[in-house]
Amino acid sequence: MGSGDVEDEGAYARAGGRLPGDPVPDPGLGLGLGDEGQPTPSGPPRPRRTPWQMFVHALPVLLIAVAILYDVLTPRYFTAGPLYTAAPLIAAPIYSRRGTALTGAAVVAAVVTLQIGKGVIHYVDSLTELITIATVAVLAVLVNGLVRRTGERLVSVREIAEAAQRAVLPEPAERIAGFEIAACYEAAQADAFIGGDLYAVQDSARGVRIIVGDVRGKGMGAVAAVAVVIGAFREAAEQEATLEAVAQRLERALAREGTRREGLDAFEGFTTAVLAELPHGTETVRIVNRGHPPPLLLYPDGTLSALPARESALPLGMGELGVWPDRAEEAPFPGGATLLLYTDGLSEARDARGEFYDPLARLAGRAFRHPATLLDLLAEDVRRHSGGGMADDMALLAVRRPRRGEQDHCHEP
């Protein structure tokens, strides 16, 4: 990354749409390869295929061509039967039903034509080969139907997962109490939409209150804990007079949740979290950190600083191990600055050499006009750093305080 330049908004778009290489492509023209980049009936244009994906999709046709060439150039008793058999089997999971059927028909037609041309169609071995290839072609069409039905069920599951994410972890509004806000969630597990990371923003009479956290564990148990923490936070943010009291309210909520769990989670469940409060009328931020990576403060001139806790504190849900009073720490948060909160999926992302991603070093000297631009760039950069293989979920939340002139302009009708 360079230094001192301001990023244009939307420079890096978040990844979306159908993942490349999905097992059930939409039906298209000819053999079912489809028109890349054209809108599908269900949504945005499909992404263009990589050279490897293009090779795989062309493989059945290539196999048929090689088999025909082999049969033409070799003596009459030589056969390319294995290549003919492989073509419809490879087509079944990657082509449409029509494409798979056409592949099977092309294979059978080629074998019959070549056997007649060689004068061997009346032999038992040739007839057996033809029946075998025709049977495989029919089975390939049946396999294609099973794959397509499985794909439809997966699409339904994805839609349910997206709905669950919106219910448990809704996107915050882009502007709350004059602050510009953006959030981003990147799940480490392929095709997953939500895990154990969380964020929430709540306006209150005492200021805008924020939480970013990471629940120990994976799976539905972690998702249930996320729902508990966010629900308790929204209620406490409205009712409690101090940020310290909000943290204690969350501690009690997780303690109650622990009594309902079984096994190891009943004893070792905890949540690292950082809570922030942006009081109305002052250019400050108050932080309570419960065992979480420290927030970063990015200034308009490209400088940035971490806001580490001066006193260590245990994560939420570990109150039985000791009692340490929460103490909120205050720092300046001037106009034009952006507060970045994140989970350890960002700071613990490794590259091929095992080196951790360092947001302080990667963001030094950069300035951003909008928090969404910051998160777009950050998510893209950490994916490049880790080679696309995230080891842990990552939640990002950025809050920018507009300069006074910008605020006045935003409130003009």
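Everything below is about the structure shown above.
Residues numbered from 1 in each chain as written. Predicted model: local features only at pLDDT ≥ 70, side-chain atom pairs only at ≥ 80, totals over all residues. Heavy atoms only, no water.

1. Examining the overall build of the protein chain
Part 1 of the reasoning: The secondary structure content of the protein chain amounts to eleven helices and 15 strands.
Part 2 of the reasoning: In the protein chain, buried positions account for 45% of the 413 residues.
Part 3 of the reasoning: Across the protein chain, every contact between residues at least 6 apart in sequence was considered, and the portion connecting residues at least 24 apart equals 71%.
Part 4 of the reasoning: Surface accessibility of the protein chain: about 20,800 Å² in total, with carbon and sulfur atoms responsible for 60%. (Helix = DSSP H or I, 4+ residues; strand = E, 2+ residues; numbered from the N terminus. Buried < 20%, exposed > 50% of the residue type's maximum accessible area, 1.4 Å probe, protein only. Contact = heavy atoms within 4.5 Å. Areas by Shrake-Rupley, 256 points an atom, 1.4 Å probe, with all protein chains shown as cover.)

2. A word on the pairing of strand S5 (residues 179–186)
Part 1 of the reasoning: The buried count for S5 comes to eight of eight residues, which makes it a mostly enclosed element.
Part 2 of the reasoning: Alternating positions in S5 separate into two faces, Phe179, Ile181, Ala183 and Tyr185 on one and Glu180, Ala182, Cys184 and Glu186 on the other, with burial throughout.
Part 3 of the reasoning: Two elements, strand S4 (residues 175–176) and S5, share two bridges in a ladder whose sense is antiparallel. Residue pairing in the sheet places arginine 175 in a bridge with glutamate 180 of S5.
Part 4 of the reasoning: The turn joining S4 and S5, which pair antiparallel and follow one another in sequence, is formed by two residues; a positive phi near 50° is taken by alanine 177.
Part 5 of the reasoning: Relative to strand S15 (residues 394–400), S5 runs antiparallel, the two sharing seven bridges. Note on S15: the bridge partner recorded for alanine 182 is alanine 398. (Pairing = 2+ DSSP bridges.)

3. Some words on the environment of glutamate 330
Part 1 of the reasoning: Tracing the backbone shows glutamate 330 in strand S12 (residues 329–332).
Part 2 of the reasoning: When the C-alpha positions of glutamate 330 and threonine 284 are compared, they lie 6.7 Å apart, and in sequence the two are 46 residues distant.
Part 3 of the reasoning: Those residues in contact with glutamate 330, other than ones at most four positions away along the chain, are Thr284, Val285 and Arg286.

4. Details of the packing of aromatic side chains
Part 1 of the reasoning: Counting across every chain of the model gives two aromatic pairs.
Part 2 of the reasoning: Consider the rings of phenylalanine 179 and phenylalanine 333, whose centres lie 6.4 Å apart with planes at 5°: the pair is stacked. With phenylalanine 179 in strand S5 and phenylalanine 333 in the loop between S12 and strand S13 (338–342), this pair connects stretches of sequence that are 154 residues apart. (Phe/Tyr/Trp six-rings, centres within 6.5 Å; stacked < 30°, edge-to-face > 60°.)

5. Quick look at helix H3 (residues 97–118)
Part 1 of the reasoning: Over its 22 residues, H3 extends 32 Å from the first C-alpha to the last, a length consistent with the 32 Å expected when each residue adds 1.5 Å.
Part 2 of the reasoning: Directly beyond the C-terminal end of H3, a positive phi value near 75° is found at glycine 119. (Expected span 1.5 Å × (residues − 1).)

6. Quick look at the sheet that holds S13
To summarise the sheet geometry, strands pair through backbone hydrogen bonds and adopt either a parallel or an antiparallel arrangement.
Part 1 of the reasoning: In spatial order, the strands read S4-S5-S15-S13-S10-S11; together these six strands make up an open sheet with antiparallel pairing. In this open sheet, the two edge strands, each paired with only one partner strand, are S4 and strand S11 (304–306).
Part 2 of the reasoning: As judged from the five bridges shared by S13 and S15, these two strands associate in the antiparallel manner. Counterpart to leucine 339 in the pairing with S15 is valine 399.

7. Topic: the nonpolar core
Part 1 of the reasoning: If you look at the biggest cluster of nonpolar residues, it comprises 49 residues, and the most contacted ones within it are Ile210, Ile211, Leu275, Val285 and Leu397.
Part 2 of the reasoning: Ranked by the residues each element gives to this core, the list is headed by helix H5 (residues 219–239), at nine residues.
Part 3 of the reasoning: Look past the residues within four positions of leucine 275 in its chain and what remains in contact with it is Ile210, Ile211, Phe233, Leu243, Val246, Ala247, Leu250, Arg286, Ile287 and Val288.
Part 4 of the reasoning: Residues Cys184, Leu346, Ala349 and Leu396 belong to the second largest nonpolar core, which totals 21 residues. (Core = buried A, V, L, I, M, F, W, Y, C linked by side-chain atoms within 4.5 Å.)

8. Notes on the side chain of glutamate 180
Part 1 of the reasoning: Here glutamate 180 shows up in strand S5.
Part 2 of the reasoning: Filtering out sequence-adjacent residues up to four positions away, glutamate 180 remains in contact with Glu174, Arg175, Arg369, His370, Pro371, Ala398, Val399, Arg400 and Pro402.

9. As for helix H10 (residues 371–385)
Part 1 of the reasoning: Under the 1.5 Å per step criterion, the end-to-end length of H10 is 21 Å for 15 residues, consistent within 8% with the ideal 21 Å.
Part 2 of the reasoning: Summarising burial for H10: twelve of the 15 residues are buried, a large majority.
Part 3 of the reasoning: Within two residues after H10, glycine 387 carries a phi angle of roughly 70°, on the positive side.

10. A word on the pattern of salt bridges
Pairing between side chains becomes possible if they bear opposite charge and their charged atoms approach one another.
Part 1 of the reasoning: Counted under the stated rule, the structure contains 20 salt bridges.
Part 2 of the reasoning: Of the charged contacts, one joins arginine 290 and aspartate 326 as a salt bridge, the two residues approaching to 3.2 Å between their closest N and O atoms. With arginine 290 in strand S9 (residues 284–290) and aspartate 326 in the loop between S11 and S12, the pair connects residues that are 36 residues apart, well separated along the chain.
Part 3 of the reasoning: Close ionic contact of arginine 353 with glutamate 355 constitutes a salt bridge, the shortest N to O distance being 3.6 Å.
Part 4 of the reasoning: We classify arginine 353 as exposed; its relative accessible area is 68%.
Part 5 of the reasoning: Given a relative accessible area of 41%, glutamate 355 falls into the partly exposed group. (Salt bridge = Lys/Arg side-chain N within 4 Å of Asp/Glu carboxyl O.)

11. Things to note about the environment of valine 143
Part 1 of the reasoning: Secondary-structure assignment places valine 143 in helix H4 (residues 124–168).
Part 2 of the reasoning: For valine 143, a relative accessible area of 36% translates into the label partly exposed.
Part 3 of the reasoning: The spacing of valine 143 and leucine 89 is 54 residues in sequence and 8.4 Å in space, taken between C-alpha atoms.

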